[in-house]
Amino acid sequence: MADIAFQSAKKLASMIRRRKIGCLELLDHYLGRVERFNPALNAIIVTDIPNARRRAKAADRALTKGEVWGPLHGVPMTVKEAFDVKGLPSTWGSPDFKDNVARTNALAVDRWLVAGAVIFGKTNVPLWLADGQTFNAVYGTTNNPWDPSRTPGGSSGGAVSALAAGMTGIEMGSDIASSIRNPAHICGLFGHKPTYGICPPRGHALQGNPSPMDILDIGPLGRSAEDVALGLSIISGPDEIDAAGYRLVLPPPKKNPSANSRWRSCLIIPPRRSIARWSIACSNWLISLAEIRSRSMTKRVPISILKISTAPSTCCFARRLPRPRMTIRSPPISRRPKPSTPATTARWRACCAASPCAIGTGCGSMRNATACAGNGMNSLTDISQIASKSMAIIPK
């Protein structure tokens, strides 16, 4: 039962439809985790449990009759505090608005409800949603579930903290300057800032202000790319006013987001329990680059693009992330540099022997000594030691 809290919202909805778990049962499981872990994280700051339980019971009854409300039938979720939810406060972290209770739902909240979701609370934000961390004088500080001494980012910090700790099924945030993207990156989740205007932000404003903010977008946060795609399909599309002038038709993705193996042309470092091994792999890659650079002397040697191949392997606590495997394609034989001179090699070995690096421990090997000489240092910091200090055991 513990692992189910970290399943994707799409899989949770499938389990509900197949009667593997009930809507109320799943809601109570998440509420139990909120009671257990939220005091240390302060991610979910407002709840409406009675209404959520009534809706979950209604979802169970509807399923018994063969009725499915939508793609997220019965899936529990929370939303960012800045979205209006009827009967709950919308403060934007400002003490001046601590008594501002929403009278209606935000348009996007209504769309989640139509899709069948069970909204049971709201998640914390920084003051005016304008910070890279999550603290305000109304609700206090939200902590990172990977390491409670650190921040989950902002301004959707409460949303990602709740998701990463397995306290909610899916989330909705907002983004001007990476308020979805940065926290998702920091906590190892998926987030998407949609194209401006395709997801109406009505109800994401104080005191019912209908005017949208410039370059502000609302978007989904989830544990998988499929959840983000599903969330976007739910909240996107014009409101009743704009619908008179246009309709939204998004093309299908060019690639399957659920593919088990694919090449990526950028460096992605997901947080994981084995981050020390990943850090060592990164340091070895830097050593390889320094070795090729130093061997080339004055001649610049082209190095092929670094790519990461992902294949199914050991999972991050419950996110089912594939393990990255890093490869460097060597230059063609005809363009490889000549071996270094004996004098240069002797200097490198002397450097390494005089001040052993943390990785090579004074072995005097070509790879480690080259890294020292190529970077102009006498020793090489062991990245894995630094990374291991920041690891934290995620509560299950």
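Everything below is about the structure shown above.
Below: a short report on this structure. Just so it is clear, the model here is predicted, and its values are computed rather than measured.

Procedures and definitions
Residues numbered from 1 in each chain as written. Predicted model: local features only at pLDDT ≥ 70, side-chain atom pairs only at ≥ 80, totals over all residues. Heavy atoms only, no water. Axes fitted to C-alpha atoms, helices over the stretch in contact; angles between N-to-C directions. Helix = DSSP H or I, 4+ residues; strand = E, 2+ residues; numbered from the N terminus. Parallel < 35°, antiparallel > 145°, perpendicular 65-115°, else oblique. Contact = heavy atoms within 4.5 Å. Nonpolar A, V, L, I, M, F, W, Y, C, P; charged D, E, K, R; others polar. Buried < 20%, exposed > 50% of the residue type's maximum accessible area, 1.4 Å probe, protein only. Pairing = 2+ DSSP bridges. Salt bridge = Lys/Arg side-chain N within 4 Å of Asp/Glu carboxyl O.

1. Observations concerning the packing of helix α2 (residues 23-41) against helix α3 (residues 49-64)
Direction vectors running N to C along α2 and α3 enclose 150°, while the axes themselves pass 7 Å from each other. Between α2 and α3, the angle falls in the class roughly antiparallel. Residues C23, L24, L27, D28 and L31 of α2 touch α3, and the partners they reach there are I49, A52, R53, A56, K57, A59 and D60. For the contact of α2 with α3, the residue count by class is eight nonpolar, no polar and four charged.

2. Structural notes on helix α7 (residues 225-235)
For α7, the full list of buried residues reads D227, V228, L230, G231, L232, I234 and I235. Its buried side turned inward, α7 meets α1 (9-17), α4 (107-114), β6 (171-175), β7 (190-191) and β8 (217-222). A positive phi of about 115° marks G237, the residue just after α7.

3. Notes on the sheet that holds strand β1 (residues 44-47)
Read across the sheet, three strands follow the order β1-β3-β2 without closing on themselves; strand pairing throughout is mixed. A single partner strand is all that each edge strand has here, and the edge strands are β1 and β2 (76-80). The mean angle between the axes of side-by-side strands here comes to 40°, regardless of whether they run parallel or antiparallel. Note: β1 against strand β3 (residues 118-123), three bridges, orientation antiparallel. Residue pairing in the sheet places T47 in a bridge with G121 of β3. Contacting β1 and β3, α3 runs over the sheet at an angle of about 155° to β3.

4. Considerations on the pattern of salt bridges
By the definition in use, this model includes eight salt bridges. A salt bridge links D28 to R53; the shortest N-O distance between them is 2.9 Å. With D28 in helix α2 and R53 in helix α3, this pair connects stretches of sequence that are 25 residues apart. For D28, a relative accessible area of 31% gives the class partly exposed. Residue R53 is classed as partly exposed on the basis of its relative accessible area of 34%. Its salt-bridge partner being D217, residue K193 comes within 3.8 Å of it at the nearest N-O pair. In this pair, K193 is assigned in the loop between β7 and β8 and D217 in strand β8, connecting sequence segments 24 residues apart. Classification of D217 as buried rests on a relative accessible area of 4%.

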